[in-house]
Amino acid sequence: MKNREQFSGNLSVIMAMAGSAIGLGNIWRFPYIVGEYGGAAFIIVYFAACLFIALPIFYAETIIGRRGGLDTYGSMKRLAPGTHWYKLGLLTIISPMLILSYYSVVGGWSIHYLFKSVSGTVGQETGQFSEFISSVEAPILAHTVFVILVAAIILGGVKKGIEKFSKITMPILFFLILVIVVYSLTLPGAGGGVDYLVRPDFSKLTGGAIASAVGQAFFSLSLGVGTVLTYASYMRKQDNILVSGLGTAGFDFLFALLAGFAVMPAVFAAGLSPSSGPGLVFETLPYIFGKMGAGSVWLTACVAGVFFLAVLMAALSSAISILEVGVAYLVEEKGLGRSRATLYLSLFAWAVGLLCSLSFGPLADFKILGSSIFEFLDKLCSNWMMPLGGLLFTLFVGWKMPSADVLDEFSNGGSKPWNVKIYPFVRVLLRYVAPIGIIFIFLNSVL
Ligand code: PFF
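Scoring rules and cut-offs
Residues numbered from 1 in each chain as written. Predicted model: local features only at pLDDT ≥ 70, side-chain atom pairs only at ≥ 80, totals over all residues. Heavy atoms only, no water. Salt bridge = Lys/Arg side-chain N within 4 Å of Asp/Glu carboxyl O. Helix = DSSP H or I, 4+ residues; strand = E, 2+ residues; numbered from the N terminus. Buried < 20%, exposed > 50% of the residue type's maximum accessible area, 1.4 Å probe, protein only. Phe/Tyr/Trp six-rings, centres within 6.5 Å; stacked < 30°, edge-to-face > 60°. Lys NZ or Arg CZ within 6 Å of the ring centre and 35° of its normal. Expected span 1.5 Å × (residues − 1). Polar contact = N/O pair within 3.5 Å; in protein donor to acceptor, adjacent residues only side chain to side chain. Contact = heavy atoms within 4.5 Å.

> Would you mind showing me how to read the pattern of salt bridges here?
Following the criterion strictly, the structure yields ten salt bridges and no others. For Arg 4, the salt bridge goes to Glu 332, with nearest N and O atoms at 2.5 Å. Placement of the pair is Arg 4 in the segment before helix H1 (10–21) and Glu 332 in helix H14 (residues 297–334), with a sequence separation of 328 residues. The salt bridge partner of Arg 236 is Asp 239, with a shortest N-O separation of 2.9 Å. The exposure class assigned to Arg 236 is partly exposed, which follows from its relative accessible area of 23%.

Have a look at this one:
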């Protein structure tokens, strides 16, 4: 087999994996659920969910990916020949393709709003958002541009595409979000938003809150759909799995907090109440930027432009990780060239995304199990396919792979003393804590 591309080192791995993790989930979902479920009390539970459930699953995928050294299907086949485990590899090729289709629609919205921001037409009236997403041409055009951008980065390959893009955009993204945090915190009345995020209210920590924390940690770290596995297959043997996991989860957590402090103080300063879902980012914030910059079209254009540029970068760096899973599979298992694989899969995601986009307008009455096409795919992937993939990955590493092999991979053949020391603890998390945590999300979805 020809030489596979690899990331250049630990830092590149962390940047690429953080690029995948930090996305729309951090920006619109996290700030909202924090306040909803008890502020600082929820943040503590979320932190624990990241550390004790999400991180072990991240390690499970990383261990499989680097040891297997191939795409999801190939890695599972190589590590468990003659068994049915390769089907898990197949599952984790289908689910990312579905995620990419609706994720690209929302990614497209961020392009549309970026354009509106710089052309000075954002936030002039409310109700624009629902009018926009229910229309036909504009969201489809934006979705198309987003898919083309994702495909273009993936065509560049692992080093010149994914690694380069992540290494450039991640630092810029942190800088941009800091600018917005400072702007947001200095608005009169911002204190209410800070209060909403940090005042601990332990009475709101219900079972549903805990399941939401676990689910959010899952989505946020891109688990259970083979993205972590695929990126890990591009890690060098000398790179440190423990460090890359801690770095990725740490940046992802930090960015979620920053997004909270970017969004909520502005919402409260404008005297609005926080809403859930994309409406918060695409409707409430443009309105706020318009209001705060009253009289100065320039100020509004700058602040809104910075914000939507950040949203777009975050969405792109996540979307490329989703597309890479399928591309790696077609290249390595089906012998397709990278360009052809990228073309086919982008077309697929674009076509399914078209239906998702239309499901806000002309196809709104078409329901699958009571949900629109967009909502159905989101629920199917977030509530079922991602947790199922994650559960099977941890069970595989915790119970099926020989423990000596797992330790060998986790500690680079025993050469990393910290990894060896911490391994017994990680093993307990992999075998018991993480699977029980995932079953908890399933029960919550069913009930
Ligand atoms: N982690 C991304 C976010 O928080 O927006 C979403 C995501 C990326 C999910 C990649 C799944 C995935 F494979």
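> Where do I start with the packing of aromatic side chains in this structure?
The way to describe two aromatic rings as a pair is by their centre distance and the angle between their planes. Applying the stated criterion to the full structure yields 34 aromatic pairs. Taking 6.4 Å as the distance between ring centres and 15 degrees as the angle between the ring planes, the aromatic pair formed by Phe 42 and Tyr 46 counts as stacked. A residue pair is termed a helical-turn pair when its members lie 3 or 4 positions apart in one helix, as Phe 42 and Tyr 46 do in helix H3 (residues 40–68) at four residues. For the pair Phe 42 and Tyr 46, one class covers both residues: buried. An aromatic cluster of three or more residues is present, and its members are Tyr 102, Trp 109, Tyr 113, Phe 129, Phe 132, Tyr 183, Phe 282, Phe 289, Phe 307, Phe 308, Phe 360 and Phe 374. Stacked on the ring of Trp 418, the Lys or Arg Lys 421 has its end atom at 4.9 Å from the ring centre. Of note, Arg 431 hangs over the ring of Trp 399, and the distance from its end group to the ring centre comes to 3.7 Å.

> What am I meant to see in unusual backbone geometry here?
Glycine aside, the phi torsion of most residues is negative, and most peptide linkages are trans. Even without being glycine, Ser 222 reaches a positive phi, approximately 55 degrees. Given a relative accessible area of 9%, Ser 222 falls into the buried group. The phi torsion at Leu 369 lies on the positive side, around 45 degrees, for a residue other than glycine. Mapping Leu 369 onto the fold places it in the loop between helix H15 (338–358) and helix H16 (373–400).

> Quick question: what am I supposed to make of helix H5 (residues 86–118) here?
Along an α-helix, residues three or four apart share an orientation, since each turn contains 3.6 residues. Over its 33 residues, H5 extends 48 Å from the first C-alpha to the last, a length consistent with the 48 Å expected when each residue adds 1.5 Å. Most of H5 is tucked away, with 26 of its 33 residues classed as buried.

> I'm lost on the side chain of Ser 318 in this one. Help?
Along the chain, the position of Ser 318 falls in helix H14. Here Tyr 103 takes part through its side chain, which lies 3.5 Å from a polar atom of the side chain of Ser 318. Here Ser 318 is in contact with Gly 19, Ser 20, Ile 22, Gly 23 and Tyr 103, once residues within four sequence places are set aside.

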